[in-house]
Amino acid sequence: MYGTIAIATSRSRNRELIPWASGTISAILLFFIATTCIKANPFVRLDFMPVDGRGMNPQLQNPGMAFHPPNLYLGYVATAIPFAFAIAALFSRRLDAEWLGVVRRWTLLSWFFLTIGIILGMWWAYVELGWGGYWAWDPVENSSFLPWLTNTAFLHSIMIQEKRGMLRKWNVVLVVVSFLLAIFGTFITRSGVIESVHSFAQSPVGPWFATFFFLATGVTIYLVSTRLHDLEAKVELESMVSREAAFLYNNLVLVGIAFAVLWGTVFPILSEWATGNKITVGPPFFNTVNVPLGLLLLALTGIGPLIAWRRASVSNLKRQFASPALFGIVVAVALFALGMRASYSLVAYALCGFVTGTIVQEFYKGVRARQTIHEESLIPAFMHLVERNRRRYGGYIVHVGIVMLFAAFAGMAFRTENDVTLKAGETFDTRDPYGHQWRFVSQGVSTSNRPDRDVIAVGLEAFRDGKRLGIITSEKRQYLDSQHNTLFEPITEVGIRSTAKLDTYVVLAGVRGNDIAELRVTFNPLVMWVWTGGFVMMIGGLIVMWPQAERRPVQAGYAATIKASQAPAEIPVGV
Amino acid sequence: MTSRRQFFARIASGSAAIALGGGGGTSRAGAQQRGAMHDSSIVRDTTNLFAMDQSAARSITLPPKPNATPQLTPAQRDELEHRIRCQCGCTLDVFTCRTTDFSCQVSPAMHANVIGLVQGGYSAQEIIDAFVSSYGERVLMAPRKSGFNLLAWFTPGVAVVVGGVLIAAWLRRWRNEPPPPATVHAGASVDATQDELERLNAAVRGDDRE
């Protein structure tokens, strides 16, 4: 489907690339069709007649599950189109602005769906699984994150290629790696080589995917290595302090995180192979390794837009950095004064402040300029600013979402967990991370039988600083089929009270005797900002992607003029 | 810890699947048992989202130290359980699994072992060591920073630092090379004088940076 759309929409513009691209797409399709026909036919019949279908695993009966897999799928599949065009470019030795246009659009699409898919997956895990978080560095989570990281890196580095004609080799490699990582992710999910909570999706297609992965990798390595010379950069960098350099470091960090995640994911295999020692590489590893890299990335998110292209002067830097840096410092000092002492979190919030300052400053300057030039009032000026330069300001809106995510992640450092056992009427007192006094009063254990499930529920009446907030209910459910046989394992229905500052997360772990509830009460700060941030990123992505059909010819001419003026020496203009 | 399961089994009328008792059978065995009780049931497997191994717990007990007093507070014990991995296949740590998953019998058993060792006066490190000597290093949520595992911990950092140094060196080399002469390529379709190009250049840069 994607293949058809991609070829149909770009046929006229990329005559020389299309045969190679459609060939590559066909080869990929052939592989997947062969897999479903020969190795994992989805229509195979059971060898007995079931009385009744089993229905869906109740943990998957959640609205998030209706959207999370299709979005991830769309994201994964969309990596195939840029890959096909990359292969086509390598075969035909043509890598120009037209190529960039197609590949950028499809990468953006892939990025967009992966973002939505990942965020929805986090939401599902958080509300449904009951372990109290949204990201566990599970191998399959990681394998959705990997192509997202390389896509993100590509969407940044491609700007350098557009503006300066540099990094061609690197961009091709990123495009190809995104696709290979998507295949690798499918391989991990399907083969079960690595222990994962997603291994329910195991099927015997592992070797097929491994073969395909190695084949695709081999072809790409051959093509890239034999065509290195054709992809030589046409222009050189002028300064260590320039936006190009910032983008290079941005790419380094994104790919570094991707490498760290991949490394941690496959290290158990490596370790077992090298030393025979079975080990677990769990969340503590990924957090330790990735937190510094993530903070570096956040810093670059703020620095990048402030540095001029080509070469930044000292006065320019001072003027650009003054207010955002000041804002970041103010945030850190304020939080320190309020009693925050965790150094990573302080750094994270200072950087969040800095990046926010950067984005606000960019919008402020843009709006002021419009107000002066076009004599528009505030709101129209803002709207026109975004509308006229969707890529830039849509990108900043995505950055706003990223800041929200980082703020939420940093907040999770302050989560507190309580393992509680309560009879009816008993109370549990504790403090939340903000220092508020909470009291929970158990309403006792109640049971009920529904047509499709048996339920045990416990309600906790919650008070904060003496003020009643309502009852938070957590359930255990055992689903039944029409014969009243149990279906699946019992599952947890988490009780969540969500506010912008804090989620109160109640899990009924089990019931002892008739009336003793074993509960876990968790305070998760700022979780709502993960979903909000994800939504903002989606909006930003939409703004960037929204077609600008009528203005496109004008823009193309403009881009060519920039190249002509900035790099008159070598760039073939107007290709 | 089985009593809560028995309770649940009672309200889930007619099912023997949950009252597996004592961590003995696997879920598949439970399903067969149930199949025998209900002829109409042809459900062959109590699939969870992952294949659960209910018999994965091993008994880890050590004789209490003389005059043993617990060296860990309950909070420290919970923190310790965050570093030990439940072996049922859930990929969670023992604390999270036992406070989340009703049907897992492995994490409560491991929790009981931890409590026993804490009561016996063992330190956090000694408890960790006892678990590792029985289960192997896979029982830890993250590999120890020693031996071959150092590779796991330091490769990503080293890779990024090396990458950063390479980029810096690259940038330096580029900067030191003289910039290419600013002449228009012969085939380029730019119809402008050098002066016009420079003005355009300035305008474009200014536009980009306000």
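Just so we're clear, the structure is a prediction, and the values are computed from it rather than from any experiment. (Residues numbered from 1 in each chain as written. Chains lettered and ligands numbered in written order. Predicted model: local features only at pLDDT ≥ 70, side-chain atom pairs only at ≥ 80, totals over all residues. Heavy atoms only, no water.)

Student: For this particular structure, what's the right way to read the overall build of chain B?
Tutor: Of the regular secondary structure elements, chain B holds eight helices and zero strands. Each helix and strand of chain B, ordered N terminal to C terminal, gives the series α-α-α-α-α-α-α-α. Classification of the 210 residues of chain B by burial places 45% in the buried group. Taking all contacts inside chain B whose residues are at least 6 apart in sequence as the whole, residues at least 24 apart take part in 57%. With the model as given, the accessible surface of chain B reaches about 10,300 Å², and the carbon-plus-sulfur share is 57%. (Helix = DSSP H or I, 4+ residues; strand = E, 2+ residues; numbered from the N terminus. Buried < 20%, exposed > 50% of the residue type's maximum accessible area, 1.4 Å probe, protein only. Contact = heavy atoms within 4.5 Å. Areas by Shrake-Rupley, 256 points an atom, 1.4 Å probe, with all protein chains shown as cover.)

Student: Please clarify how the sheet that holds strand E1 (residues 416-422) of chain A should be interpreted in this entry.
Tutor: Hydrogen bonds along the backbone pair up the strands of a sheet, which may run parallel or antiparallel. Residue and element names in this part refer to chain A. Spatially, E1-E9-E8-E7 is the arrangement adopted by the four strands of the open sheet, whose pairing is antiparallel. Each edge of the open sheet carries a strand with a single partner, namely E1 and strand E7 (495-498). Taken over all neighbouring pairs, the strand axes of this sheet differ in orientation by 15 degrees on average, direction set aside. (Pairing = 2+ DSSP bridges. Axes fitted to C-alpha atoms, helices over the stretch in contact; angles between N-to-C directions.)

Student: Would you mind going over the pattern of salt bridges with me for this structure?
Tutor: If charged atoms from side chains of opposite charge come close, those side chains can pair. Inspection of every chain in the model, using the stated rule, returns 16 salt bridges over all chains. Glu362(A) is the partner of Arg392(A) in a salt bridge, and the nearest nitrogen-oxygen pair spans 2.8 Å. Of this pair, Arg392(A) sits in helix H14 (residues 390-411) while Glu362(A) sits in helix H12 (residues 343-374), placing them 30 residues apart in sequence. Several salt bridges share partner residues, and in doing so they unite Asp419(A), Arg77(B), Asp78(B), Glu81(B) and Arg98(B) into one network. (Salt bridge = Lys/Arg side-chain N within 4 Å of Asp/Glu carboxyl O.)

Student: Whenever I open this one, the packing of aromatic side chains confuses me. Can you help?
Tutor: Geometrically, a pair of aromatic rings is defined through the distance of the ring centres and the angle of the planes. One pass over the full model with this rule turns up 32 aromatic pairs over all chains. With centroids separated by 5.4 Å and ring planes inclined at 65 degrees, the aromatic side chains of Phe112(A) and Phe113(A) adopt a geometry described as edge-to-face. This pair shows no difference in class: Phe112(A) is buried, exactly as Phe113(A) is. Note on Phe440(A) and Phe523(A): the rings are 6.3 Å apart at their centroids and 35 degrees apart in plane angle, and the pair reads as tilted. In this pair, Phe440(A) is assigned in strand E3 (residues 437-449) and Phe523(A) in strand E9 (residues 516-525), connecting sequence segments 83 residues apart. Grouping residues by exposure puts Phe440(A) and Phe523(A) together as buried. Clustering of aromatic rings is evident, with ring pairs tying together Trp111(A), Trp135(A), Trp137(A), Phe145(A), Trp148(A), Phe285(A), Phe286(A) and Trp153(B). (Phe/Tyr/Trp six-rings, centres within 6.5 Å; stacked < 30°, edge-to-face > 60°.)

Student: Just to check I follow, could you spell out helix H4 (residues 80-92) of chain A for this structure?
Tutor: Every α-helix carries 3.6 residues per turn, so stepping three or four residues along brings you back to the same face. Residues and elements named next belong to chain A. Between its terminal C-alpha atoms H4 stretches 18 Å, which fits the 18 Å expected from 13 residues at 1.5 Å a residue. Of all 13 residues in H4, 11 are buried; the element is thus mostly enclosed. Taken together, the buried positions of H4 are occupied by Ala80, Ile81, Pro82, Phe83, Ala84, Phe85, Ala86, Ile87, Ala88, Ala89 and Leu90. Looking one or two residues beyond H4, the residue adopting positive phi is Arg93, at roughly 55 degrees. (Expected span 1.5 Å × (residues − 1).)

Student: Would you explain a nonpolar patch on the surface in this entry?
Tutor: Residue and element names in this part refer to chain B. Side chains of Leu150, Phe154, Val158, Val162 and Leu166 sit close together on the surface and give an oily, nonpolar patch of about 460 Å² of accessible area. With respect to the helices and strands, the residue Phe154 is situated in helix H7 (residues 150-176). Residue classification places Phe154 among the partly exposed residues on the basis of a relative accessible area of 49%. (Patch = residues over 30% accessible without salt bridge, like charges linked within 9 Å, V, L, I, M, F, W, Y side chains within 5 Å.)

Student: Which parts of the structure should I look at to understand the pairing of E7(A)?
Tutor: Each regular strand displays side chains that alternate between the two surfaces of the sheet. Pairing of E7(A) with strand E8 (residues 502-512) of chain A, which is carried by four bridges, proceeds in the antiparallel orientation. Directly across from Gly495(A), in E8(A), lies its bridge partner Val506(A).

Student: Would you mind going over the packing of helix H11 (residues 314-337) of chain A against H12(A) with me for this structure?
Tutor: If you want to describe how two helices pack, look at the angle between their axes and the distance between the axes. All names here are of chain A. At a minimum axis separation of 7 Å, H11 and H12 run at an interaxial angle of 145 degrees. As H11 packs across H12, the resulting crossing turns out to be right-handed. Mapping the contact onto sequence places Gln320, Phe321, Ser323, Pro324, Ala325, Phe327, Gly328, Val331, Ala332, Leu335 and Phe336 in H11 and Leu346, Tyr349, Ala350, Gly353, Phe354, Thr356, Gly357, Thr358, Gln361, Glu362 and Lys365 in H12. Its residues assigned to classes, the contact of H11 with H12 comprises 12 nonpolar, eight polar and two charged. (Left-handed = near helix turned anticlockwise from the far one by under 90°. Nonpolar A, V, L, I, M, F, W, Y, C, P; charged D, E, K, R; others polar.)

Student: What is the right way to read the side chain of Thr504(A) from this model?
Tutor: Of note, Thr504(A) is situated in strand E8. Apart from the residues lying within four places of it in its own chain, the contact partners of Thr504(A) are Trp438(A), Phe440(A), Ile472(A), Gly495(A), Ile496(A), Arg497(A), Thr522(A) and Phe523(A).

Student: Help me understand helix H3 (residues 74-81) of chain B, please; the structure alone is not making it clear to me.
Tutor: Residues and elements named next belong to chain B. Along H3, the residues classified as buried are Arg77, Asp78, Leu80 and Glu81. The arc that holds the buried residues of H3, viewed along the axis, is 155 degrees, so those residues lie on one side. Contacts from the buried residues of H3 go to helix H4 (94-98), helix H5 (106-119) and helix H6 (124-135). (Arc of directions from axis to C-beta.)

Student: I tried to follow the nonpolar core on my own but got confused; where do I start?
Tutor: Judged by nonpolar contacts, the single largest core of 138 residues is most densely connected at Trp99(A), Tyr134(A) and Trp148(A). Here this core gets 16 residues from one element, more than from any other, and that element is helix H5 (residues 97-129) of chain A. (Core = buried A, V, L, I, M, F, W, Y, C linked by side-chain atoms within 4.5 Å.)

Structural measurements only, silent on function.
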